[in-house]
Amino acid sequence: MTKINKTATLLAVLIVLGDILPAQIKRDPRMVSLGGAYTVLADGIYAVGVNPANLSYQHDKPFMWQMFTLNYGLLNNFFSLENYTKYNGANLERENEKLKTEFFNEIGDGLRFTMDSHMALPALNYTAGNMAFTSDFVMIGDIKIPKDMFHLILKGNPLNRPLDLTLGYEVMGLTEYGFSFAVPYDKFSWGATIKFLQGFFYLGIDEEESLANIVTDTTAFYGSVRYLLRQGIGGSGYGLDLGFTFKEFDGWRVGFSLINAVGRIYWNRPSITKDLLGVDGNKGIFSYKGQDVIDGASILYVGSIDSVSGTKLENIEFSELFIDDTNGVVIQVVLDSDESITLPNGQVVEPDETVIIKLEDWKNIPENDKEKFKTGEKFSIRYPAIFRFGVSKQVDKDFLVAADLVAGFQDRLFVQKQWKLSMGLKFTRFPGFPLRIGFSWGGRYSKELGMGFGVYKGPVMFDFALSLRNGLWIHTMKGIGISMSLSLTGLKGRGDDNE
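Residues numbered from 1 in each chain as written. Predicted model: local features only at pLDDT ≥ 70, side-chain atom pairs only at ≥ 80, totals over all residues. Heavy atoms only, no water.

**So, the environment of Ser236**
The topology assignment puts Ser236 in strand 10 (residues 221-246). Along the backbone, Ser236 and Gly199 are 37 residues apart, and their C-alpha atoms lie at a distance of 5.4 Å. With sequence-adjacent residues up to four places away left out, Ser236 is seen in contact with Phe196, Leu197, Gly199, Arg264, Ile265, Tyr266 and Arg269. (Helix = DSSP H or I, 4+ residues; strand = E, 2+ residues; numbered from the N terminus. Contact = heavy atoms within 4.5 Å.)

Okay, here's the thing in structure tokens:
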């Protein structure tokens, strides 16, 4: 649908070269290797984005200066080597459509691809005492193909039941700048992270303004489609993380946190990003059918299928089935006036009415009338919140067990409104070479197996992790993740993992 010019292509390449991973928006090798059982174990700079209250327990430890953190991963909820072998060339009709039923059970409400990218900006993440300063680049993506799309392909169109064919799509890039602190008490501590969110870009289908369906009756089938693809270049916002951790007692530690307890990003506001990319009311990054999607504009496509029968299918081309009612680059505006206005195309806009106007029609409106409108494209997006509850037990000096319960509050981007349970083990028999392994169940990804190690020598701390996502074996996994990080600390080490 959208053609991206050279500037946007370059931006996309730089993003992809960063790193892509799913689930928690900020992850590091320790979290990945422990399967996410990390709420009370996150230490130093890694406590930011997980539980800032943990910063209070580093007073007797030296500083931590993060050189880089790199994460890469891909995930979906169906494709794997096992499923490829299972469905490739198989007869889906045999045994009373057994394979079809299994397929629909696996994809749930639809085939979903989720991507998150997180890269700690090199040498710009530092913590000492009970405070930390962080800078992280984040990219979030979510693509969903609805279940009814596959119902139409595999089972055909049922009589008198509308099939919901609405696609879901969102991608967003931003940088988080955070200041974190923790306040210790005798038996517990609490902490917070105050974040400034600098948005780079947003592109997504507006769920409230978009739909696609098809209905079949005894004589013909009908359908309609409407997609409003919003884009935002340059944005800003805020976020707040809260954490609480009890002091260790007899080897036990308990804590919880609310990540993005408050958080929202406002798009299409004045920003340095627009200035750098040269985006304004005459030029945009994206284009549609040769027309720039300028600052504050969106892409609208509206079409329909009307009374198509078997006889009609025999006499017309497939491309002629769809009636293109209206489409193009549009601007959504609100009339901020006490009097109605008649547009050059004859459309009458009432006071306080929100309307979508084609870009070419907008350009023909007299300037004195344009001033009576305010753009409705300065939209905002809620930064999804995550609740974490964790507990750990130091069984002996070389062995630690941890568990977490994690849940999101909405189904979008990097979170899902489901519970996930994580279990992790950490072995420190060799202090300079800690080993970690973890497993998680539930949530969007069903299950994930993580494993990793650290190499700590003097002031150098290197960690590496590998995870199999949505599967426990190479042939069953539906995604893979690789994570690594390098940090510097005091010359004698930080004292982690009983070093």
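**Topic: the packing of helix 4 (residues 94-107) against helix 5 (residues 147-155)**
Taken N-terminus to C-terminus, the directions of helix 4 and helix 5 make an angle of 170 degrees; their axes are 11 Å apart at the nearest point. With respect to helix 5, the element helix 4 is oriented roughly antiparallel. Contacts between helix 4 and helix 5 involve Glu97, Lys100, Phe103, Phe104 and Ile107 from the former and Lys147, Phe150, His151, Leu154 and Lys155 from the latter. When its residues are assigned to classes, the contact of helix 4 with helix 5 shows five nonpolar, one polar and four charged. (Axes fitted to C-alpha atoms, helices over the stretch in contact; angles between N-to-C directions. Parallel < 35°, antiparallel > 145°, perpendicular 65-115°, else oblique. Nonpolar A, V, L, I, M, F, W, Y, C, P; charged D, E, K, R; others polar.)

**Remarks on the pattern of salt bridges**
For the structure on display, the rule yields 22 salt bridges. In this structure, Asp463 engages Arg30 in a salt bridge whose closest nitrogen and oxygen atoms are separated by 3.5 Å. In this pair, Asp463 sits in strand 26 (residues 460-469) while Arg30 sits in helix 2 (residues 29-33), placing the two residues 433 residues apart along the sequence. Per residue, the accessibility class of Asp463 equals that of Arg30, and both read buried. A salt bridge links Lys86 to Glu102; its shortest N-O distance comes to 2.5 Å. Pair noted here: Lys86 is in helix 3 (residues 81-87) and Glu102 is in helix 4, with a separation of 16 residues, a long-range link. (Salt bridge = Lys/Arg side-chain N within 4 Å of Asp/Glu carboxyl O. Buried < 20%, exposed > 50% of the residue type's maximum accessible area, 1.4 Å probe, protein only.)

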